[in-house]
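# A look at the structure
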Amino acid sequence: MSERVNVLKTYKLYINGAFPRSESGRYFIINDKSGKQLANMCRASRKDFRNAVVAARKAFDGWMSRSAYNRGQILYRIAEMMEGRKNQFVDELVSQGHSKNKAQKEVEASIDRFIYYAGWSDKYQQVFGTVNPVASPHFNFSMPEPTGVVVASAPDDQPLISLSTLIAVTIVGGNTCIVLASELKPLTAITLAEVLNSSDVPAGVVNILTGYREELISHFSSHMDVNSIWYTNGDKKNRKLIQENASKNVKRVHFTTFDDWTKEAAENPYLIQDFQEIKTTWHPVGI
Amino acid sequence: MIEEKKTSKTRLDFQTKWEYSPAPESTDHIQLKDQYNLFINGKFVEPEEGRYFDSINPASEDKLASVAMATEADVNKAVKAARDAYNKIWSKITAKDRGKYIFRIARLIQERAREFAVIESLDGGKPIRESRDVDIPLVAAHFFYYAGWADKLKYAFPGRDPKPLGVAGQIIPWNFPLLMAAWKIAPALATGNTVVIKPAETTPLTALKLAEIIQEADLPPGVVNIITGAGKTGEALVKHADVNKIAFTGSTEVGKIIQKTLAGTDKKYSLELGGKGANIIFEDAAIDQAVEGIINAIFFNQGHVCCAGSRLFVQESVAEEVIAKLKDRMGTLIVGDPLDKNTDIGAINSKAQLDKINELIESGINEGGEIFQSGCDLPAHGYWCRPTLFQEVSQSHRIVQEEIFGPVLTIQTFRTPDEAITKANNTPYGLSGGIWTDKGSKIFNTGSKIRAGVMWSNTFNKFDATSPFGGYKESGMGREGGLHGLLPYLELK
């Protein structure tokens, strides 16, 4: 009896709710520890990124207008779908070098991370909003609203929990996002895209790219229709470039690093607030 | 004297001239020196290079005082004073005491409010009615509001331990000189930071008068340092290695340069930049109130307002009526002596700003806009601009896209709320917006879709110390005022 021939998975990009290959036709190879090839990853180009921004911008109004309750339910649904695919995520992390134990912990923490932020969907507004006792006869209140289209770059280590955090934080607040997966360990990012695609997340709300950070980061930071950039890679050398490019359209820039993304430090509503704008509304009080 | 009405009985005759007797505010109670030095480490000190520049009254072109030009050496001195004060005093005293100093400043401003209002109008050109009733009262309110926060910060950020940043470098514009100083200094001090602030080149006097109050309040030396100068002075402050935070209010152009300059440093920054506010009049609005609102939105402070309602959108069905009433109302506006209590529109802040406004008005005409200006008399000296509006403009016209920062309004019409929202959002700015309608549901629907930091519904250009203010998109980041105004000056541990 010959062994069954496995069906290998083609890892593609996730843009506008679809799985295209890079328009550039380029790829890069991911190997396992023993040097055996795991996949040909798409090496996203500037054009792929621009397409993703168009999708994210188009999805923004609709996603922002969803009720907070609905957004929370969709984040919870993502966690449910991940739970069912736990083993696949674990296997992929293990194939990319995680120990079984570490992989298991990271996958579980990632699922829990979506649940944590799902719960914030209809609460951060109450923590960060205010009613302001103005001295004139007006009713005046301030509420957070999403910043818009956010680009985020995941760190190389802990590829699933970091990506899950970047996505959960930005979309729970009504933003749409383009996220760049870990360059060294990108497999789980595309599997997460498959989860998102079956979790009622509208097309374009989350777009996931794989590719070379050094190549893409200047495009990310200089795109005029991106409102904010979130850089979580520890290196200092790109920070200056990102800030300089960001000034072209006054992008909000956030640098965040965590020693361990599974820890509680990565669970806090102030991260949500980083991708919110405060809108103050006035109305006269009278007859 | 009101001349006999010659036209219909129901409408006032705006074609004939209404005479008002002059009602100037007295200037004999104000104290201005001929020359002002830099306020560093609690004392007025001469600038290192000994250079001075003049501050001009834009209504007469007369010199008011000469003011020190701070260079890099002075900036270094001021930052050092602020650092020492932070290390040795301000970070050591109790939060309660910090608050009490700020309360003192608020009270002293109230006591000398009229003097400050007059100097503000002399130096900046704004009508005394506004400096007296808006600017200076809000200055006192701001200090009073933030004074109270000093010992209550932990309640503002649940689950966090807020810490000051250190030395804050602050750069402010000329449109609300003392008010912008208050917006910057009050939250910085309340959160435990020390300050080096640079007032605008054309309007330094009230900030220097504030330095006197700071002395009177016995604020420890170096906690607030006030250095006057121009762009280069500001640049030196932004680039200074020992400044932990930059707060800037001014043009988007300069804001972008500052953001770029700060790249690669760990300095925190907040930016309050330009705007091109949409003021949307729906057909069910109370038209007469809306017309007053339009006037206030664009002609308040000569239109030198970053959040001015400079783009008017009127629903087609009422456009004719609104525009006719608006033109009538513009005819009654009095342009002239800022110190006259009857004056509605004062002097344009500087020759440079007047040139910029005129250049944009010309571009509006050249691009095919239909101009209307009121026929009021203008004084012989000083810098003046008649209230102006443009019809027959489109989204691509420069006067619709660019911030004019003067009394110039563009008018476009719309049919559906969606069209108004799309047009309103068609700008890189996102500071303010206005909605006029009788329907609450429309306010919430339209208001939530306009991408701007302040939405005025059935009102415009209202400000309050408790109310956060700031922009979306290229109008800046961070908030000033209210609880949210604390965050730009704190690190949340």
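A separate point is the pairing of strand 11 (residues 268–272) of chain B. All names here are of chain B. Counting buried positions over the 5 residues of strand 11 gives 4, a clear majority of the element. In this structure, strand 10 (residues 245–249) lies alongside strand 11, joined through 5 bridges in parallel fashion. Bridged to threonine 249 within strand 11 is glutamate 272. In terms of handedness, the path from strand 10 via helix 8 (residues 252–261) over to strand 11 forms a crossover that is right-handed. Both strand 11 and strand 19 (residues 476–477) contribute to a ladder of 2 bridges, which runs antiparallel. Each bridged residue has a counterpart across the sheet, and for glutamate 272 the counterpart in strand 19 is glycine 476.

Residues and elements named next belong to chain B. Taken together, the buried positions of helix 13 (residues 417–425) are occupied by Ala420, Ile421 and Ala424. In a view along the axis of helix 13, the buried residues occupy a sector of 100 degrees, so they form one face of it. Here the buried face of helix 13 lies against strand 12 (278–281), strand 13 (311–315), strand 16 (408–414), strand 17 (432–436) and helix 14 (440–449).

Further remarks concern the environment of Leu166(A). Residue and element names in this part refer to chain A. You can see leucine 166 is positioned in helix 6 (residues 159–172). You can call leucine 166 buried: it has 27 C-beta atoms within 10 Å. Those residues within four positions of leucine 166 in sequence are excluded, and the remaining contacts are Ala152, Ala154, Val179, Trp230 and Thr232.

Here the focus is the sheet that holds strand 4 (residues 52–57) of chain B. Whenever strands of a sheet pair, they do so through backbone hydrogen bonds, lying parallel or antiparallel. All names here are of chain B. One open sheet holds the 3 strands; their spatial order is 1-5-4, and the pairing between them is mixed. On the outer flanks of this sheet lie strand 1 (35–36) and strand 4, each paired with one strand and no other. For strand 4 and strand 5 (residues 62–68), the ladder comprises 6 bridges, and the chain directions are antiparallel. Among the inter-strand pairings, aspartate 54 is bridged to a residue of strand 5, identified as serine 66.

Attention shifts here to the confidence of the model for chain B. Averaged over all residues, the pLDDT of chain B is 96; the fraction at 70 or higher stands at 97%. The low-confidence segment residues 1–8 of chain B (pLDDT under 50) makes 6 contacts with residues lying over four places distant or belonging to another chain.

In this section: the packing of helix 2 (residues 68–84) of chain A against helix 4 (residues 100–120) of chain A. Residue and element names in this part refer to chain A. The geometry of helix 2 relative to helix 4 is characterised by a closest axis approach of 8 Å and an angle of 165 degrees between their N-to-C directions. Between helix 2 and helix 4, the angle is such that the two are roughly antiparallel. Read as a crossing pair, helix 2 and helix 4 show a hand that is left-handed. Of helix 4, the residues touching helix 2 (which contributes Gly72, Leu75, Tyr76, Ile78, Ala79, Met82 and Glu83) are Ser110, Ile111, Phe114, Ile115, Tyr117, Ala118 and Gly119.

Here we come to the nonpolar core. The tendency in soluble globular proteins is for nonpolar side chains to be buried side by side. Core analysis: the largest hydrophobic core is formed by 156 residues, its most contacted members being Ile102(B), Phe143(B) and Val195(B). Take this core: its biggest share by element is 12 residues, from helix 4 (residues 128–149) of chain B. Two domains share this core, each providing at least three of its residues, namely domain 1 (35–273 + 472–492) and domain 2 (278–457) of chain B. Once residues lying within four places of it in the same chain are set aside, the contact partners of Phe143(B) are Ile102(B), Ile105(B), Ala106(B), Ile109(B), Ala182(B) and Ala186(B). Trp63(A), Ala118(A), Phe220(A) and Ala246(A) belong to the second largest nonpolar core, which has 81 residues in total.

Rules used throughout
Residues numbered from 1 in each chain as written. Chains lettered and ligands numbered in written order. Predicted model: local features only at pLDDT ≥ 70, side-chain atom pairs only at ≥ 80, totals over all residues. Buried ≥ 20, exposed ≤ 12 C-beta atoms within 10 Å, placed from the backbone. Helix = DSSP H or I, 4+ residues; strand = E, 2+ residues; numbered from the N terminus. Pairing = 2+ DSSP bridges. Right-handed = clockwise from strand over helix to strand, strands pointing away. Arc of directions from axis to C-beta. Contact = placed C-beta atoms within 7 Å. pLDDT = per-residue confidence, 0-100. Axes fitted to C-alpha atoms, helices over the stretch in contact; angles between N-to-C directions. Parallel < 35°, antiparallel > 145°, perpendicular 65-115°, else oblique. Left-handed = near helix turned anticlockwise from the far one by under 90°. Core = buried A, V, L, I, M, F, W, Y, C linked by C-beta atoms within 7 Å. Domains from an automatic or database assignment.

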